[in-house]
Amino acid sequence: MSAKILDGRATKDAIFEELRPRVAELAERGRAPGLATVLVGDDPGSHSYVRAKHNDCAKVGINSIRRDLPASSTQGELEAVLDELNADPACTGYIVQLPLPDHLDSGALLERIDPAKDADGLHPASLGKLVLGEDGPLPCTPNGIIALLRRHGVELDGAHVAVVGRGITVGRPMGLLLTRRSENATVTLCHTGTRDLAAEVSRADVVIAAAGKPGLITPEMVKPGAAVLDVGVTRTDDGLSGDVHPDVGEVAGFISPNPGGVGPMTRAMLLSNVVEAAERESD
Ligand SMILES: Nc1nc2c(c(=O)[nH]1)N[C@@H](CN(C=O)c1ccc(C(=O)N[C@@H](CCC(=O)O)C(=O)O)cc1)CN2
(Lines give C-alpha, C1' and ligand atoms only; values in the text may rest on other atoms or scores of the structure.)
Protein backbone atom coordinates (compact mmCIF):
# COMPACT_ATOMS: atom_id res chain seq x y z
CA MET A 1 0.00 0.00 0.00
CA SER A 2 1.63 3.27 -1.06
CA ALA A 3 -1.38 5.59 -0.63
CA LYS A 4 -1.64 7.89 2.41
CA ILE A 5 -4.44 6.80 4.73
CA LEU A 6 -7.39 9.14 5.27
CA ASP A 7 -7.89 8.06 8.88
CA GLY A 8 -11.54 8.71 9.74
CA ARG A 9 -11.28 7.46 13.33
CA ALA A 10 -8.46 9.83 14.29
CA THR A 11 -10.14 12.73 12.47
CA LYS A 12 -13.44 12.02 14.23
CA ASP A 13 -11.61 12.03 17.59
CA ALA A 14 -10.06 15.42 16.76
CA ILE A 15 -13.50 16.81 15.86
CA PHE A 16 -14.94 15.46 19.14
CA GLU A 17 -12.18 17.31 21.04
CA GLU A 18 -13.32 20.52 19.33
CA LEU A 19 -17.01 19.86 20.06
CA ARG A 20 -16.61 19.03 23.78
CA PRO A 21 -16.01 22.62 25.05
CA ARG A 22 -18.79 23.94 22.81
CA VAL A 23 -21.23 21.43 24.33
CA ALA A 24 -20.06 22.37 27.85
CA GLU A 25 -20.63 26.06 27.09
CA LEU A 26 -24.14 25.37 25.77
CA ALA A 27 -24.92 23.37 28.92
CA GLU A 28 -23.66 26.24 31.12
CA ARG A 29 -26.07 28.56 29.31
CA GLY A 30 -28.97 26.12 29.93
CA ARG A 31 -29.04 25.07 26.26
CA ALA A 32 -27.74 21.48 26.62
CA PRO A 33 -28.15 19.67 23.28
CA GLY A 34 -29.98 16.32 23.17
CA LEU A 35 -29.88 13.91 20.20
CA ALA A 36 -32.58 11.29 19.71
CA THR A 37 -32.42 8.28 17.38
CA VAL A 38 -35.39 6.41 15.93
CA LEU A 39 -34.53 2.84 14.93
CA VAL A 40 -37.01 0.41 13.40
CA GLY A 41 -36.38 -3.34 13.11
CA ASP A 42 -33.44 -5.68 13.67
CA ASP A 43 -30.91 -4.82 10.95
CA PRO A 44 -27.54 -5.54 12.64
CA GLY A 45 -25.73 -2.75 10.77
CA SER A 46 -28.30 -0.13 11.78
CA HIS A 47 -28.16 -1.34 15.41
CA SER A 48 -24.38 -1.05 15.41
CA TYR A 49 -24.44 2.47 13.93
CA VAL A 50 -27.09 3.67 16.39
CA ARG A 51 -25.17 2.19 19.34
CA ALA A 52 -22.05 4.01 18.14
CA LYS A 53 -23.97 7.30 17.87
CA HIS A 54 -25.10 7.04 21.51
CA ASN A 55 -21.54 6.19 22.65
CA ASP A 56 -20.31 9.23 20.73
CA CYS A 57 -22.86 11.46 22.46
CA ALA A 58 -21.64 10.24 25.86
CA LYS A 59 -18.02 11.03 24.88
CA VAL A 60 -18.83 14.59 23.83
CA GLY A 61 -21.29 15.31 26.67
CA ILE A 62 -24.47 15.37 24.55
CA ASN A 63 -27.60 13.89 26.14
CA SER A 64 -29.15 11.14 24.05
CA ILE A 65 -32.57 9.57 23.75
CA ARG A 66 -33.20 6.19 22.09
CA ARG A 67 -36.47 5.11 20.47
CA ASP A 68 -36.27 1.50 19.19
CA LEU A 69 -39.37 0.09 17.50
CA PRO A 70 -40.24 -3.35 16.11
CA ALA A 71 -40.02 -4.04 12.35
CA SER A 72 -43.81 -4.49 12.34
CA SER A 73 -44.42 -0.84 13.36
CA THR A 74 -46.97 1.03 11.24
CA GLN A 75 -46.55 4.38 9.52
CA GLY A 76 -48.99 5.86 12.07
CA GLU A 77 -46.97 4.53 15.03
CA LEU A 78 -43.80 6.03 13.59
CA GLU A 79 -45.52 9.35 12.96
CA ALA A 80 -46.65 9.43 16.60
CA VAL A 81 -43.05 8.90 17.80
CA LEU A 82 -41.80 11.71 15.52
CA ASP A 83 -44.56 14.03 16.74
CA GLU A 84 -43.49 13.33 20.35
CA LEU A 85 -39.86 14.11 19.54
CA ASN A 86 -40.88 17.28 17.67
CA ALA A 87 -42.62 18.42 20.87
CA ASP A 88 -39.96 17.24 23.38
CA PRO A 89 -37.75 20.15 24.58
CA ALA A 90 -35.06 17.67 25.76
CA CYS A 91 -34.61 16.57 22.15
CA THR A 92 -32.89 19.38 20.23
CA GLY A 93 -32.18 17.19 17.19
CA TYR A 94 -32.97 13.70 15.99
CA ILE A 95 -32.53 11.18 13.21
CA VAL A 96 -34.53 8.34 11.73
CA GLN A 97 -32.02 5.57 11.05
CA LEU A 98 -32.16 4.42 7.40
CA PRO A 99 -33.03 2.17 5.72
CA LEU A 100 -36.53 1.63 7.10
CA PRO A 101 -38.51 -1.56 6.47
CA ASP A 102 -40.06 -1.55 2.96
CA HIS A 103 -43.66 -1.10 4.11
CA LEU A 104 -42.84 2.33 5.61
CA ASP A 105 -42.78 5.55 3.55
CA SER A 106 -39.32 6.95 4.40
CA GLY A 107 -39.82 10.19 2.45
CA ALA A 108 -43.03 11.03 4.32
CA LEU A 109 -41.35 10.30 7.67
CA LEU A 110 -38.29 12.42 6.90
CA GLU A 111 -40.66 15.24 5.94
CA ARG A 112 -42.49 14.94 9.29
CA ILE A 113 -39.32 15.79 11.25
CA ASP A 114 -39.44 19.39 12.52
CA PRO A 115 -36.83 21.01 10.17
CA ALA A 116 -35.35 22.81 13.24
CA LYS A 117 -34.59 19.34 14.72
CA ASP A 118 -33.26 17.74 11.52
CA ALA A 119 -29.87 16.44 12.73
CA ASP A 120 -29.17 14.48 9.52
CA GLY A 121 -29.71 17.27 6.98
CA LEU A 122 -32.05 14.98 5.04
CA HIS A 123 -35.35 16.90 5.51
CA PRO A 124 -36.52 18.38 2.18
CA ALA A 125 -36.20 21.88 3.71
CA SER A 126 -32.54 21.20 4.62
CA LEU A 127 -31.80 19.78 1.15
CA GLY A 128 -33.53 22.84 -0.35
CA LYS A 129 -31.26 25.12 1.72
CA LEU A 130 -28.26 23.20 0.41
CA VAL A 131 -29.42 23.77 -3.18
CA LEU A 132 -29.98 27.49 -2.46
CA GLY A 133 -26.68 27.90 -0.58
CA GLU A 134 -28.42 28.85 2.69
CA ASP A 135 -27.20 27.91 6.19
CA GLY A 136 -28.57 24.66 7.61
CA PRO A 137 -27.65 21.13 8.62
CA LEU A 138 -25.70 19.27 5.92
CA PRO A 139 -26.07 15.56 5.11
CA CYS A 140 -23.55 13.79 7.35
CA THR A 141 -21.69 11.43 5.01
CA PRO A 142 -20.99 13.95 2.20
CA ASN A 143 -20.07 16.62 4.74
CA GLY A 144 -17.80 14.12 6.53
CA ILE A 145 -16.05 13.28 3.25
CA ILE A 146 -15.30 16.96 2.60
CA ALA A 147 -14.01 17.40 6.18
CA LEU A 148 -11.79 14.30 5.81
CA LEU A 149 -10.31 15.56 2.52
CA ARG A 150 -9.78 19.11 3.87
CA ARG A 151 -8.13 17.96 7.09
CA HIS A 152 -5.71 15.83 5.03
CA GLY A 153 -4.85 18.66 2.62
CA VAL A 154 -6.49 17.16 -0.48
CA GLU A 155 -7.16 20.01 -2.95
CA LEU A 156 -10.75 20.32 -4.15
CA ASP A 157 -10.61 23.72 -5.89
CA GLY A 158 -10.61 22.94 -9.62
CA ALA A 159 -10.39 19.17 -8.99
CA HIS A 160 -12.37 16.73 -11.07
CA VAL A 161 -14.41 14.49 -8.76
CA ALA A 162 -16.19 11.31 -9.85
CA VAL A 163 -19.04 10.46 -7.48
CA VAL A 164 -20.30 6.92 -8.06
CA GLY A 165 -23.89 6.43 -6.85
CA ARG A 166 -26.90 8.77 -6.80
CA GLY A 167 -28.54 7.85 -3.47
CA ILE A 168 -30.18 10.49 -1.30
CA THR A 169 -27.82 10.10 1.71
CA VAL A 170 -24.52 10.32 -0.23
CA GLY A 171 -24.33 10.68 -4.04
CA ARG A 172 -26.86 13.40 -4.78
CA PRO A 173 -26.00 15.77 -1.90
CA MET A 174 -22.27 15.05 -2.46
CA GLY A 175 -22.51 16.63 -5.92
CA LEU A 176 -24.24 19.69 -4.46
CA LEU A 177 -21.66 20.15 -1.70
CA LEU A 178 -18.67 19.76 -3.99
CA THR A 179 -19.95 22.32 -6.51
CA ARG A 180 -20.45 25.10 -3.89
CA ARG A 181 -18.09 28.05 -4.42
CA SER A 182 -16.26 27.09 -1.21
CA GLU A 183 -15.32 23.68 -2.66
CA ASN A 184 -15.24 24.65 -6.37
CA ALA A 185 -14.86 21.12 -7.73
CA THR A 186 -16.11 19.85 -11.09
CA VAL A 187 -18.30 16.80 -10.49
CA THR A 188 -19.32 13.86 -12.63
CA LEU A 189 -22.18 11.98 -10.93
CA CYS A 190 -22.02 8.37 -12.15
CA HIS A 191 -24.83 5.83 -11.75
CA THR A 192 -26.20 2.64 -13.27
CA GLY A 193 -26.97 4.49 -16.50
CA THR A 194 -23.35 5.68 -16.93
CA ARG A 195 -22.04 4.18 -20.21
CA ASP A 196 -18.33 3.97 -19.41
CA LEU A 197 -17.66 4.10 -15.66
CA ALA A 198 -13.94 3.29 -16.07
CA ALA A 199 -13.48 6.29 -18.41
CA GLU A 200 -15.23 8.67 -15.97
CA VAL A 201 -13.29 7.40 -12.94
CA SER A 202 -9.92 7.43 -14.72
CA ARG A 203 -10.23 11.20 -15.35
CA ALA A 204 -10.92 11.98 -11.68
CA ASP A 205 -8.55 13.53 -9.12
CA VAL A 206 -10.97 12.38 -6.38
CA VAL A 207 -13.18 9.28 -6.56
CA ILE A 208 -16.09 8.84 -4.15
CA ALA A 209 -17.51 5.32 -4.37
CA ALA A 210 -21.00 5.05 -2.92
CA ALA A 211 -22.67 2.44 -5.13
CA GLY A 212 -22.90 -0.47 -2.67
CA LYS A 213 -21.18 -2.84 -5.15
CA PRO A 214 -18.23 -4.74 -3.64
CA GLY A 215 -14.90 -4.14 -5.42
CA LEU A 216 -16.51 -1.94 -8.15
CA ILE A 217 -13.53 0.44 -8.32
CA THR A 218 -10.46 -1.47 -9.48
CA PRO A 219 -6.80 -0.28 -9.67
CA GLU A 220 -6.87 -0.08 -13.51
CA MET A 221 -9.65 2.55 -13.34
CA VAL A 222 -7.85 4.93 -10.96
CA LYS A 223 -5.56 7.80 -12.00
CA PRO A 224 -2.20 7.44 -10.19
CA GLY A 225 -2.14 9.77 -7.15
CA ALA A 226 -5.94 10.24 -7.00
CA ALA A 227 -7.77 10.36 -3.64
CA VAL A 228 -10.21 7.45 -3.34
CA LEU A 229 -13.00 7.36 -0.74
CA ASP A 230 -14.84 4.11 -0.07
CA VAL A 231 -18.38 4.67 1.21
CA GLY A 232 -19.98 1.35 0.20
CA VAL A 233 -20.74 -1.26 2.85
CA THR A 234 -22.04 -4.64 1.67
CA ARG A 235 -22.48 -7.49 4.14
CA THR A 236 -21.27 -10.71 2.45
CA ASP A 237 -20.68 -14.25 3.83
CA ASP A 238 -16.99 -13.26 4.23
CA GLY A 239 -17.82 -10.12 6.25
CA LEU A 240 -18.09 -6.47 5.21
CA SER A 241 -16.98 -5.44 1.76
CA GLY A 242 -16.42 -1.92 0.40
CA ASP A 243 -16.87 -0.57 -3.16
CA VAL A 244 -13.09 -0.16 -3.61
CA HIS A 245 -10.85 -3.12 -4.49
CA PRO A 246 -8.06 -3.50 -1.88
CA ASP A 247 -5.31 -3.13 -4.55
CA VAL A 248 -6.41 0.45 -5.34
CA GLY A 249 -4.14 1.51 -2.45
CA GLU A 250 -1.14 0.71 -4.71
CA VAL A 251 -2.19 3.32 -7.30
CA ALA A 252 -4.04 6.01 -5.29
CA GLY A 253 -2.33 8.94 -3.54
CA PHE A 254 -4.84 8.92 -0.69
CA ILE A 255 -7.30 6.25 0.35
CA SER A 256 -9.97 6.00 3.05
CA PRO A 257 -9.96 2.63 4.83
CA ASN A 258 -13.27 0.85 5.20
CA PRO A 259 -14.01 0.45 8.08
CA GLY A 260 -12.22 3.38 9.72
CA GLY A 261 -12.70 6.02 7.03
CA VAL A 262 -15.98 7.60 6.02
CA GLY A 263 -18.18 5.84 8.65
CA PRO A 264 -16.68 7.57 11.71
CA MET A 265 -16.76 10.90 9.84
CA THR A 266 -20.51 10.45 9.28
CA ARG A 267 -20.89 10.21 13.06
CA ALA A 268 -18.64 13.23 13.68
CA MET A 269 -20.75 15.38 11.32
CA LEU A 270 -23.96 14.24 13.01
CA LEU A 271 -22.73 15.56 16.35
CA SER A 272 -21.47 18.74 14.65
CA ASN A 273 -24.96 19.30 13.23
CA VAL A 274 -26.49 18.84 16.70
CA VAL A 275 -24.07 21.32 18.29
CA GLU A 276 -24.42 23.88 15.48
CA ALA A 277 -28.24 23.72 15.67
CA ALA A 278 -28.16 24.27 19.46
CA GLU A 279 -25.76 27.22 18.98
CA ARG A 280 -28.01 28.70 16.25
CA GLU A 281 -31.03 28.40 18.58
CA SER A 282 -29.24 30.08 21.49
CA ASP A 283 -27.86 33.03 19.45
N1 LIG B 1 -30.43 8.47 9.19
C2 LIG B 1 -29.35 8.04 8.55
N3 LIG B 1 -29.29 6.76 8.17
C4 LIG B 1 -28.17 6.34 7.51
C5 LIG B 1 -27.08 7.21 7.28
C6 LIG B 1 -27.19 8.55 7.69
O7 LIG B 1 -26.28 9.40 7.50
N8 LIG B 1 -28.34 8.92 8.34
N9 LIG B 1 -25.91 6.72 6.72
C10 LIG B 1 -25.70 5.29 6.64
C11 LIG B 1 -25.23 4.61 7.89
N12 LIG B 1 -24.50 5.41 8.88
C13 LIG B 1 -25.16 6.39 9.55
O14 LIG B 1 -26.16 6.18 10.15
C15 LIG B 1 -23.25 4.99 9.38
C16 LIG B 1 -22.44 4.17 8.66
C17 LIG B 1 -21.21 3.74 9.19
C18 LIG B 1 -20.82 4.15 10.44
C19 LIG B 1 -19.56 3.71 11.07
O20 LIG B 1 -19.14 4.28 12.05
N21 LIG B 1 -18.93 2.65 10.57
C22 LIG B 1 -17.73 2.12 11.14
C23 LIG B 1 -17.89 0.63 11.29
C24 LIG B 1 -18.96 0.29 12.28
C25 LIG B 1 -19.22 -1.22 12.31
O26 LIG B 1 -18.30 -1.98 12.16
O27 LIG B 1 -20.37 -1.59 12.51
C28 LIG B 1 -16.56 2.39 10.18
O29 LIG B 1 -16.79 2.59 8.99
O30 LIG B 1 -15.43 2.38 10.66
C31 LIG B 1 -21.64 4.99 11.16
C32 LIG B 1 -22.84 5.41 10.64
C33 LIG B 1 -27.03 4.61 6.27
N34 LIG B 1 -28.07 5.05 7.12
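Everything quoted here is computed from the prediction, not taken from an experiment.

With respect to the element layout, V248 can be found in the loop between strand 10 (239-241) and strand 11 (254-255). Sequence-wise, V248 and E84 are 164 residues apart; in three dimensions their C-alpha atoms are separated by 47 Å. Discounting residues that sit within four places of it in the chain, V248 has contacts with I217, T218, P219, V222, V228 and I255.

With that settled, consider the side chain of Q75. Structurally, Q75 can be placed in helix 3 (residues 75-87). Within the structure, the side chain of Q75 is placed 2.8 Å from the backbone nitrogen of D105, a separation counted as a polar contact. Beyond its immediate chain neighbours, meaning those up to four positions away, Q75 contacts L104, D105, A108 and L109.

Neighbouring the ligand are 14 residues; S48, K53, D120, G260 and R267 lie closest to it. S48 is positioned such that a nitrogen or oxygen atom in its side chain is 2.6 Å from an oxygen atom of the ligand. With the chains in place, 80% of the 680 Å² that the ligand exposes on its own is no longer accessible. Under a 2 Å grid-point criterion requiring more than half of the atoms, the pocket assigned to the ligand is the largest pocket. For the shell around the ligand, the secondary structure elements donating two or more residues are helix 2 (44-60) and helix 9 (262-282). Top element by residues in the shell around the ligand is helix 9. It accounts for four residues. Taken together, the residues of the shell around the ligand break down into five nonpolar, five polar and four charged.

Between its terminal C-alpha atoms helix 6 (residues 140-151) stretches 16 Å, which fits the 16 Å expected from 12 residues at 1.5 Å a residue. Among the 12 residues in helix 6, 10 count as buried, and that is most of the element. Restricting attention to buried positions, one finds in helix 6 the residues C140, T141, P142, N143, G144, I145, I146, A147, L148 and L149. The inward-facing, buried residues of helix 6 contact helix 1 (8-28), helix 7 (171-178), strand 7 (206-209), strand 8 (227-230) and helix 9. Following helix 6 by one or two positions, G153 adopts a phi angle in the positive range, close to 70°.

What follows covers the UniProt feature "domain: Tetrahydrofolate dehydrogenase/cyclohydrolase NAD(P)-binding" (unreviewed entry) in the protein chain. According to UniProt, the feature "domain: Tetrahydrofolate dehydrogenase/cyclohydrolase NAD(P)-binding" (unreviewed entry) maps to residues 139-281 in the numbering used here. Each end of residues 139-281 is marked by a C-alpha atom, and these two atoms are 19 Å apart; helix forms 32% of the span and strand 18%.

To continue, consider the pairing of strand 8. Sheet faces and side chains relate simply in a regular strand, where the side chains alternate between the two faces. Alternating positions in strand 8 separate into two faces, A227 and L229 on one and V228 and D230 on the other, with burial throughout. Judged from the two bridges that link them, strand 8 and strand 11 form a sheet pairing that is parallel. Across the sheet, A227 pairs through a bridge with F254, a residue of strand 11.

Inspection of the entire model under this criterion finds 14 salt bridges. The partner of D83 in a salt bridge is R112, with the nearest N and O atoms 3.0 Å apart. Of this pair, D83 sits in helix 3 while R112 sits in helix 4 (residues 106-112), placing them 29 residues apart in sequence. When its relative accessible area of 32% is taken as the criterion, D83 is described as partly exposed. The partly exposed category is assigned to R112, whose relative accessible area is 34%.

What counts, and at which threshold
Residues numbered from 1 in each chain as written. Predicted model: local features only at pLDDT ≥ 70, side-chain atom pairs only at ≥ 80, totals over all residues. Heavy atoms only, no water. Helix = DSSP H or I, 4+ residues; strand = E, 2+ residues; numbered from the N terminus. Contact = heavy atoms within 4.5 Å. Polar contact = N/O pair within 3.5 Å; in protein donor to acceptor, adjacent residues only side chain to side chain. Near = heavy atom within 4 Å. Areas by Shrake-Rupley, 256 points an atom, 1.4 Å probe, with all protein chains shown as cover. 1 Å grid on protein atoms, 1.4 Å probe; cavity = no way out; pocket = protein on both sides within 12 Å on 5 of 7 lines; lining within 4 Å. Sits in = over half its atoms within 2 Å of the grid points. Nonpolar A, V, L, I, M, F, W, Y, C, P; charged D, E, K, R; others polar. Expected span 1.5 Å × (residues − 1). Buried < 20%, exposed > 50% of the residue type's maximum accessible area, 1.4 Å probe, protein only. UniProt positions renumbered as here; feature names shortened; annotations may be inferred. Pairing = 2+ DSSP bridges. Salt bridge = Lys/Arg side-chain N within 4 Å of Asp/Glu carboxyl O.

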